[in-house]
Amino acid sequence: MAQPRFLQAECAFRPGAHTVRVTLTRSTLRVEVEAHGTADLWRGEFDATFIEDLTRKTGNFKQFGIFCSMLESALTQSSDSVSLELLTYTDLETLHSRKVGAVTRPPPSTHSPLNSKRYLILVYSVEFDRIHYPLPLPYAGRPDLVALVRELQEQLAQLRAQRLEETQHLRDALWQAVEEKRAAEARHQREYRQMAAELTQAKASEKRLQLRVKNLTAELASCKRGRQKSASPASRPQERRSASLESHRSSRGHLSSKSPSPAGSRPPRFDPTAFVRARQCRQKEAELRK
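Keep in mind the model is a prediction, meaning the values are calculated, not measured.

Caption draft 1: Highlighting the pattern of salt bridges. A complete count under the given rule lists 8 salt bridges for this structure. Linking Arg 21 and Glu 34 is a salt bridge whose minimum nitrogen-to-oxygen distance equals 2.8 Å. Here Glu 34 lies in strand 3 (residues 28-35) and Arg 21 lies in strand 2 (residues 16-24), a separation of 13 residues in the sequence. The class for Arg 21 is partly exposed, based on a relative accessible area of 26%. Taking the shortest distance from any N to any O, the salt bridge between Asp 53 and Arg 56 comes out at 2.9 Å. Of this pair, Asp 53 and Arg 56 are both found in helix 1 (residues 48-57), 3 residues apart, which corresponds to roughly one turn of the helix.

Caption draft 2: Region of the structure containing a positive patch on the surface. Taken together, the side chains of Lys 224, Arg 227, Arg 279 and Arg 282 present a region of like positive charge at the surface. Among the elements of the structure, helix 5 (145-252) and helix 6 (272-289) are those that each provide at least two residues to the positive patch. Structurally, Arg 227 can be placed in helix 5. Residue classification places Arg 227 among the partly exposed positions, given a relative accessible area of 31%.

Caption draft 3: Examining the sheet that holds strand 6 (residues 118-125) more closely. A sheet is described by the order of its strands in space; here 3 strands give the open sequence 5-6-7, paired in antiparallel fashion. The sheet terminates laterally at strand 5 (82-87) and strand 7 (130-137), the two strands that pair on one side only. Recorded for the sheet is a direction-independent mean angle of 25 degrees between the axes of neighbouring strands. With 6 bridges joining them, strand 5 and strand 6 adopt antiparallel strand pairing. Bridging across to strand 6, Leu 84 finds its partner in Leu 122. Where helix 2 (residues 64-76) meets the sheet, its contacts fall on strand 5, strand 6 and strand 7, and the angle it forms with strand 5 comes to roughly 85 degrees.

Conventions used here
- Residues numbered from 1 in each chain as written.
- Predicted model: local features only at pLDDT ≥ 70, side-chain atom pairs only at ≥ 80, totals over all residues.
- Heavy atoms only, no water.
- Salt bridge = Lys/Arg side-chain N within 4 Å of Asp/Glu carboxyl O.
- Helix = DSSP H or I, 4+ residues; strand = E, 2+ residues; numbered from the N terminus.
- Buried < 20%, exposed > 50% of the residue type's maximum accessible area, 1.4 Å probe, protein only.
- Patch = residues over 30% accessible without salt bridge, like charges linked within 9 Å, V, L, I, M, F, W, Y side chains within 5 Å.
- Areas by Shrake-Rupley, 256 points an atom, 1.4 Å probe, with all protein chains shown as cover.
- Lys, Arg positive; Asp, Glu negative; His and termini not counted.
- Charge placed at Lys NZ, Arg CZ, Asp CG, Glu CD.
- Pairing = 2+ DSSP bridges.
- Axes fitted to C-alpha atoms, helices over the stretch in contact; angles between N-to-C directions.
- Contact = heavy atoms within 4.5 Å.

Below, the structure is given as structure tokens:
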């Protein structure tokens, strides 16, 4: 029991409903009993020596820690071997007289301090006997109603402030969540518009490229046809000159190797138009490959 332990239980004693509060430390036991109907208080504080002497007098000794564990079990009703009773001094004397077989003493006067006391009895039931451990609780009066109302008002104010703080915290969290959601939606809309614009640009670029390829293909085909037309007239005269020269050589025999070359052996004349067209065709072919 290094740290104090606080226990509270509602108990239905013979005089009526009561609240029992217990505070346990390493060497001290504090007990408080409050009557529900009258708000009367009885309070007592006991050290380890008192408790062990009390148990020794009953003939069933218990160490302080064991006694506190039994009291806790009685409060929590976790064991059938222990229970609690609340008796007056007269009730306690009657119980004692019955146990020892003595004559019952007359009750104390109304103004006697013994009459105002209460005794919290820890009852330990063994196989053939019941041991009663009485804890005397002097009368502590009734709580001050003004102080009690003030205390309740302070507790209510604290609860309201705590509730207001929790509510404000929840509102801030909700507002932050809403703002984050709005920011995310705005970001998604910007990203969507950007992607849509990029897609439109890509489609337009694709159309331009398709049109460019179509135009280049048509121009290339036109260049090829023009190059074929420009090459055909130049090749036919050369073929005719070659055939005429061959026939001339056949009729006159072999010519001397030292004789000058005839005028018909000159190369074909340079055609600048065909050259330009051929170069354009090569450029368009290169663009199409790219």
